[in-house]
Amino acid sequence: MNTQIWDWAYAWEVLPILAEASVVTLQATLMGFVLALVLGLVFAVGRMAGPAWLRLAVAGVVEFVRSTPLLIQIFFLYYVMPEFGVTLDAMPAGVLALGLHYGAYCSEVYRAGLENVPKGQWEASMALNLSPLTTFKNVILPQAIPPVVPALGNYLVALFKETPLLSVIAVLELMQTAKILGSESFQYTEPITLVGLFFLVFSLVSAALIRRVEQRLTQRAGRRT
């Protein structure tokens, strides 16, 4: 009976394969998060500054997305949307699902940051005859973003840890590759452990980068003030 718990030779053998698969995971994470940041800001502005019908529609979309599982949304975009004439490849469908799902959560973070900016900032900008777009871009956003960076960063890490769900639509990301390697060799300990280490390292690096971004934005906001 083989009682060996860890096979270093096998671990080194599968490490390059997992490293290659991690590129797919990182691509899905970064593209999904960029989409989430953009959609989140659009949703937040739509709920705060749009006409009544738009605010109601955006609120409905945000609550629906937040209240349904990400897995169902992935299935819907990949398997159901073709019935309506919209066919997406696995990777774009997965990125869109991640971006839409976490965009709904990021919208609430953005909204909290925007609501914390004193209304006097808008009034002062109007008195200076600044356009609403210029005011929003150069006055409001620089004050609203720095306080919410940690919360947005938490969603980045959470999105990264949700990427294994993309395996249900045949995206060969990190976890799915580890499972395939384990099923071929009947050795799951090494690939699954290495995947855990990949996730740990990325999470720690992300946390450090988020703190750095927060410090830079805070310093820049302080200089502007």
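Up top is the structure these notes are about.
1. Comments concerning the side chain of Thr163
And then number 1: Among the secondary structure elements, Thr163 is positioned in the loop between helix H6 (132–162) and helix H7 (174–185).
And then number 2: The residues touching Thr163, leaving out its near neighbours within four places in the chain, are Thr25, Ala28, Thr29, Leu98, Glu173 and Phe199.

2. Topic: helix H2 (residues 52–67)
And then number 1: Under the 1.5 Å per step criterion, the end-to-end length of H2 is 22 Å for 16 residues, consistent within 8% with the ideal 22 Å.
And then number 2: Those residues of H2 lying buried are Val58, Ala59, Val62 and Val65. Taken down its axis, H2 places every buried residue within 135° of arc, on the same side. Residues of H2 that are exposed and point more than 90 degrees away from the buried face comprise Ala52, Trp53, Leu56, Phe64 and Ser67.
And then number 3: Looking at the buried side of H2, the elements it contacts are helix H1 (8–49), helix H3 (70–80) and helix H4 (90–115).

3. So, the packing of H1 against H7
And then number 1: Their axes nearest at 8 Å, the elements H1 and H7 cross at an angle of 150°. On the basis of the axis angle, H1 is roughly antiparallel to H7. Judged by the sense of rotation from one axis to the other, the crossing of H1 with H7 is right-handed. Taken together, the residues of H7 that come into contact with H1 (itself represented by Tyr10, Val14, Ile17, Leu18, Ala21, Ser22 and Thr25) are Leu174, Thr177, Ala178, Leu181, Gly182 and Ser185.
And then number 2: Taken together, the residues that form the contact of H1 with H7 break down as eight nonpolar, five polar and no charged.

4. Side note on the pattern of salt bridges
And then number 1: Summed over all chains, the structure comprises six salt bridges.
And then number 2: Between Arg66 and Glu108 there is a salt bridge, with the nearest N and O atoms lying 4.0 Å from each other. Remark: Glu108 occurs in helix H4 and Arg66 occurs in helix H2; sequence separation between them is 42 residues.
And then number 3: Classification of Arg66 as partly exposed rests on a relative accessible area of 29%.
And then number 4: In this structure, Glu108 engages Arg111 in a salt bridge whose closest nitrogen and oxygen atoms are separated by 2.8 Å.

5. Considering the side chain of Ser203
And then number 1: Considering the arrangement of structural elements, one finds Ser203 in helix H8 (residues 189–224).
And then number 2: For Ser203, a relative accessible area of 18% gives the class buried.
And then number 3: In this structure Ser203 touches Val157 and Phe160, once residues within four positions along its chain are discounted.

6. Some details on the nonpolar core
And then number 1: Membership of the largest hydrophobic core comes to 33 residues, with the highest contact counts inside it found for Leu114 and Leu152.
And then number 2: Mapped by element, the contributors of at least two residues to this core are H1, H3, H4 and H6.
And then number 3: What Leu152 contacts, discounting residues up to four positions off in sequence, is Phe33, Leu37, Cys106, Val109 and Tyr110.
And then number 4: By size, the runner-up hydrophobic cluster in this structure holds 13 residues, among which are Tyr10, Ala11, Leu181 and Phe199.

7. Let's talk about the environment of Gly60
And then number 1: The topology assignment puts Gly60 in helix H2.
And then number 2: Through-space distance from the C-alpha of Gly60 to that of Leu15 is 44 Å; in sequence the pair is 45 residues apart.

8. Looking at the packing of helix H5 (residues 119–127) against H6
And then number 1: Where H5 contacts H6, the axes come no closer than 10 Å and their chain directions differ by 145°. Considering how the two elements wind past one another, H5 and H6 form a crossing that is right-handed. Packed against H5, whose contacting residues are Gln121, Trp122 and Ser125, the element H6 presents Pro132, Thr135, Phe136, Val139, Ile140 and Gln143 at the interface.
And then number 2: Taken together, the residues of the contact of H5 with H6 break down into five nonpolar, four polar and no charged.

Parameters at a glance
Residues numbered from 1 in each chain as written. Predicted model: local features only at pLDDT ≥ 70, side-chain atom pairs only at ≥ 80, totals over all residues. Heavy atoms only, no water. Helix = DSSP H or I, 4+ residues; strand = E, 2+ residues; numbered from the N terminus. Contact = heavy atoms within 4.5 Å. Expected span 1.5 Å × (residues − 1). Buried < 20%, exposed > 50% of the residue type's maximum accessible area, 1.4 Å probe, protein only. Arc of directions from axis to C-beta. Axes fitted to C-alpha atoms, helices over the stretch in contact; angles between N-to-C directions. Parallel < 35°, antiparallel > 145°, perpendicular 65-115°, else oblique. Left-handed = near helix turned anticlockwise from the far one by under 90°. Nonpolar A, V, L, I, M, F, W, Y, C, P; charged D, E, K, R; others polar. Salt bridge = Lys/Arg side-chain N within 4 Å of Asp/Glu carboxyl O. Core = buried A, V, L, I, M, F, W, Y, C linked by side-chain atoms within 4.5 Å.

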